[in-house]
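Descriptive structure summary
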Number of protein chains: 2
Amino acid sequence: MAGLTIKDIARICDVSISTVSRAINNDPGINARTRERVLQVVKEFNYIPNNSARNLKMAESNTIVLLVKGINNPFFQSMFPYFQAGLEKEGYQYLLHTIDEDADEAYAAEEITKEKRLKGIIFLGGILDYPEVVLENIQVPAVLCSVAVASPVLDKAEPRISMVSIDDEAEAYKAVSYFCRKGHRRIAIIAGRKGDYTVGSRRLAGYRRALQDYGIPFDPELVGYQKEDLPEYSEANGYAAAMELLKSGRRFTAFFVISDRMAMGVYKAIYDTGKKIPEDYSVIGFDGIEAVRYMYPALTTMIQPARKMAQSSIDLLMDQINGDTRKKHVMYEAELHERDSVRTIEDKE
Amino acid sequence: MAGLTIKDIARICDVSISTVSRAINNDPGINARTRERVLQVVKEFNYIPNNSARNLKMAESNTIVLLVKGINNPFFQSMFPYFQAGLEKEGYQYLLHTIDEDADEAYAAEEITKEKRLKGIIFLGGILDYPEVVLENIQVPAVLCSVAVASPVLDKAEPRISMVSIDDEAEAYKAVSYFCRKGHRRIAIIAGRKGDYTVGSRRLAGYRRALQDYGIPFDPELVGYQKEDLPEYSEANGYAAAMELLKSGRRFTAFFVISDRMAMGVYKAIYDTGKKIPEDYSVIGFDGIEAVRYMYPALTTMIQPARKMAQSSIDLLMDQINGDTRKKHVMYEAELHERDSVRTIEDKE
DNA sequence: CTGAAAGCGCTTACAG
DNA sequence: CTGAAAGCGCTTACAG
């Protein structure tokens, strides 16, 4: 019922199914006229080959999957077009495969690898506790992009997996140092969830190190953790965490917010308490998503080089596909984009 | 090389492959102890069945795909969690399949239907010029959600396809009428691209009808079309179109913007020209995405009932799966959410 | 309850 | 250049 098979086309054309297969796969060893005739029928009857059968039989396909955990993350979303264009330029088919926030990326990767005969796979987002064993299992060229991994794998000299990332600790350090240089000394942070051991904790660590280097004591009361019951890194979570800080009575002049979406929530919290940006509170975000350029005032934020990160991921994957077995770790720097949400505090204040 | 097959597991367990298959598929006709033993080995060796083989053989799977055109559309994004939760609640596997802006949704649908033995498919976004023939071809329960279709299919009495939508013309009419009741008479619109014959043109039509009903002459100079060279419905496009209007020297007091993301761009254009919202310009958006609640001032917008639309799509699909062949068309109303971006113009002004 | 066998729709050596 | 045949890894009647 589900439609025509290669057999039907063969019968109609009065050739063997081998010939039909060769025609649709552009096999060089086929008479041009025969190919035309078959293709004509294929078109006319709107025949579409069954990919499952194809995947089952073929030694290898031409597709690369981008396995995304966190489809709602606008920073990841901003990378999709780059991945797509880049992979297409290399001549590969590109398949976006999304998994739930609570799904197991390792299992998902193995599953899809078995189903399709992938040329390669790029992990975007998520956490991999034992990346080497996962990559070992899937037996397919792979690279991790913005994936949180356990640190042992990150041996600089001899990385055991290919990955591209930023140094979350260092970038958070930059942002907070900037605040310090602008004269801020009471700086709040909207961090990860309590107990987070990935990106959130690394950015928090950078925050603490910056404070220390500038001789500012760390005040646990100035740390706003994301709520468990609100979506992670969402506007709502930024709003809730900021509101709590704002209402705590603690004095501070700046918010370092570890995601741009949360920064949008922070803006609203500030406005809702009748305060102004940057006069009363300065704000720095993280990610560099498109939307925050349009906030009022435009958000100063740490921009992750989305395009470069996507391109590097593709490059590292191509290296592997082309037989270069050396794994590489590309670490990018984020860039503080100064816009209008941070003010300078003069000494006399 | 790609890992264990069912044969390997059979050999290890010293049973036939039939038995392994029954164990992993929870077939009732199998000895409980045998099943345990097999499952134990499956787990230990981390065996994952090949889905292609499974799809090829099985009469029918348990999966439903959500075929999305426009992965970057935040309104669609906001529906993902509802689709996921709803479909899971019904006991189905849910697969998000995304296609490019310039891909052919009809072809994609046929392709995936052949590959997997789908229980059903939901189209989200995109355009279907001949929906009946497409749905006829795929031979699988299907519903269209927010898909632009040619009107003939929309016979109210006897719809030939199942779909859920809003009435774009009527909703735009509502928004613009609201402006009129608030005393605005010079109202600009940020519309679709020139030549758009789908959502954009319908909302523009609603705009024109509202003006007419309120005795306001239509002024083509107040229509800002989206630029061809900027992403559709993006902040950047809203910014560019609004800026052009703002600099044209035309007098007007309000912007009806047919997408929230564009409204974000409009905000910035207004601010960049040194004007205020809503004092100088009032703004109404369309969609009801999360982010615009956090704009300053909070955007008044037409909220599409994302949750209900997702749920209805699921319900219509379930009806078909359960054998009800009657097609239905569910039309929802959007709701104007009054926030802070529209001011009242007094008579004397 | 279990196994041997057929077959899903393709691709790809192998002969001719 | 073309066809007959094997086989990818499963599921599922059919026997026993």
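An unreviewed UniProt entry annotates chain A as LacI family transcriptional regulator originating from Bilifractor porci.

Moving on, we get to the relation of the copies chain A and chain B. For the pair chain A and chain B, the best superposition has an RMSD of 0.1 Å and corresponds to a rotation of 180° with a translation of 0.0 Å parallel to the axis. Seen this way, the second copy is the image of the first under a two-fold rotation axis. Residue A:Ser52, judged by its C-alpha, is the member of chain A lying nearest the rotation axis, at 2.2 Å. Looking at chain A, 98% of its interface residues are interface residues in chain B too, so the copies touch through the same face.

The next subject is the protein's contact with DNA strand C. Of all residues adjacent to DNA strand C, which total 26 residues, the nearest are A:Ser21, B:Thr19, B:Arg22, B:Thr34 and B:Lys57. The backbone of B:Ser16 places a nitrogen or oxygen atom 3.0 Å from a phosphate oxygen of DNA strand C. Secondary-structure elements contributing two or more residues to the surface near DNA strand C are α2 (17–24) and α4 (51–57) of chain A together with α2 (17–24) and α4 (51–57) of chain B. Each residue belonging to the surface near DNA strand C can be placed in one class, and the counts come to ten nonpolar, eleven polar and five charged.

So, about the packing of aromatic side chains. Applying the stated criterion across every chain yields a total of 19 aromatic pairs over all chains. Ring geometry for A:Phe255 against A:Tyr281: centres 5.7 Å apart, planes inclined by 50°, an arrangement best described as tilted. Separated by 26 residues along the polypeptide, A:Phe255 in strand β10 (residues 254–257) and A:Tyr281 in the loop between α11 (260–272) and β11 (282–287) bring together distant segments of the chain. You'll find A:Phe255 and A:Tyr281 in the same group, each marked buried. A ring pair is formed by A:Tyr267 and A:Tyr271, whose centres lie 6.3 Å apart and whose planes are at 85°; its orientation type is edge-to-face. Note that A:Tyr267 and A:Tyr271 are positioned in helix α11 at a spacing of four residues, about one turn of the helix. Note on A:Tyr271: relative accessible area 15%, which makes it buried. Each residue in the set A:Tyr267, A:Tyr271, A:Tyr296, B:Tyr267, B:Tyr271 and B:Tyr296 is aromatic and connected to the rest through ring pairs, giving one cluster. Here A:Arg209 stacks its cationic end above the ring of A:Tyr173, 4.0 Å away from the centre of that ring.

With three bridges joining them, strand β8 (residues 187–193) of chain B and strand β9 (residues 223–226) of chain B adopt parallel strand pairing. Opposite B:Ile190, over in β9(B), you have B:Gly224 as the bridge partner.

Moving on to helix α8 (residues 168–181) of chain B. Residue and element names in this part refer to chain B. With 14 residues, α8 extends 20 Å from end C-alpha to end C-alpha; this agrees with the ideal 20 Å at 1.5 Å per step. Most of α8 sits inside the fold, with eleven of its 14 residues counted as buried. When we look at burial in α8, the residues that qualify are Asp168, Glu169, Glu171, Ala172, Tyr173, Ala175, Val176, Ser177, Tyr178, Phe179 and Cys180. Of the residues trailing α8, Gly183 is marked for its positive phi of about 95°.

On to the UniProt feature "domain: HTH lacI-type" (unreviewed entry) in chain A. Mapped onto this numbering, the UniProt entry gives "domain: HTH lacI-type" (unreviewed entry) at residues 4–58 of chain A. The span residues 4–58 of chain A shows a helical share of 65% and a strand share of 0%, and its end C-alpha atoms are spaced 20 Å apart.

With that out of the way, let us pick up the domain arrangement of chain A. Partitioning chain A into structural domains gives domain 1 (1–39), domain 2 (63–166 + 305–332) and domain 3 (168–304). Taking only C-alpha atoms into account, the centre of domain 1 of chain A sits 36 Å from that of domain 2 of chain A.

Between chain A and chain B, the contact holds 47 residues from the first and 46 residues from the second. Both sides of the chain A and chain B interface together cover about 4,300 Å² of buried area, and 54% of this is carbon and sulfur. Contact with chain B buries area across many residues of chain A, yet A:Ile48, A:Lys114 and A:Tyr294 alone supply 19% of it, more than any other trio. Close ionic contact of A:Lys116 with B:Glu115 constitutes a salt bridge, the shortest N to O distance being 2.4 Å. For the pair chain A and chain B, the interface holds 17 residue pairs in polar contact (both at pLDDT 80 or more). Here the residues of the side of chain A that touches chain B are counted per class, giving 22 nonpolar, 14 polar and eleven charged.

The subject of this paragraph is the side chain of B:Arg35. Residues and elements named next belong to chain B. Take Arg35: it is sitting in helix α3 (residues 32–44). Assessed through its relative accessible area of 19%, Arg35 is described here as buried. Not counting residues within four places of it along the chain, the set of residues in contact with Arg35 comprises Ala23, Asn26, Asp27 and Ile30.

All names here are of chain A. Between helix α5 (residues 74–89) and helix α12 (residues 306–321), the shortest axis-to-axis distance is 8 Å and the interhelical angle comes to 45°. One way to sum up the angle between α5 and α12 is to call them oblique. The handedness of the crossing between α5 and α12 is right-handed. Taken together, the residues of α12 that come into contact with α5 (itself represented by Phe75, Ser78, Met79, Tyr82, Phe83, Gly86 and Leu87) are Ala306, Arg307, Met309, Ala310, Gln311, Ser313, Ile314 and Met318. Looking at the contact of α5 with α12 residue by residue, the class counts come to ten nonpolar, four polar and one charged.

Turning our eyes to something else, we now look at the pattern of salt bridges. All names here are of chain A. Within the structure shown, the criterion is met by 41 salt bridges over all chains. Between Glu36 and Arg35 there is a salt bridge, and its shortest N-O distance comes to 3.8 Å. Where Lys69 meets Glu105, a salt bridge forms, and the shortest distance between an N and an O atom there is 2.7 Å. Within this pair, whereas Lys69 is found in strand β1 (residues 63–69), its partner Glu105 is found in helix α6 (residues 105–115), the two being separated by 36 residues in sequence. Of the two residues, Lys69 and Glu105, both sit in the buried class. Several salt bridges share partner residues, and in doing so they unite Arg186, Asp219, Glu221 and Arg250 into one network.

Conventions used here
Residues numbered from 1 in each chain as written. Chains lettered and ligands numbered in written order. Predicted model: local features only at pLDDT ≥ 70, side-chain atom pairs only at ≥ 80, totals over all residues. Heavy atoms only, no water. Least-squares fit on C-alpha atoms with pLDDT ≥ 70 in both. Contact = heavy atoms within 4.5 Å. Near = heavy atom within 4 Å. Polar contact = N/O pair within 3.5 Å; in protein donor to acceptor, adjacent residues only side chain to side chain. Helix = DSSP H or I, 4+ residues; strand = E, 2+ residues; numbered from the N terminus. Nonpolar A, V, L, I, M, F, W, Y, C, P; charged D, E, K, R; others polar. Phe/Tyr/Trp six-rings, centres within 6.5 Å; stacked < 30°, edge-to-face > 60°. Buried < 20%, exposed > 50% of the residue type's maximum accessible area, 1.4 Å probe, protein only. Lys NZ or Arg CZ within 6 Å of the ring centre and 35° of its normal. Pairing = 2+ DSSP bridges. Expected span 1.5 Å × (residues − 1). UniProt positions renumbered as here; feature names shortened; annotations may be inferred. Domains from an automatic or database assignment. Buried area = accessible area lost by both parts, 1.4 Å probe. Salt bridge = Lys/Arg side-chain N within 4 Å of Asp/Glu carboxyl O. Axes fitted to C-alpha atoms, helices over the stretch in contact; angles between N-to-C directions. Parallel < 35°, antiparallel > 145°, perpendicular 65-115°, else oblique. Left-handed = near helix turned anticlockwise from the far one by under 90°.

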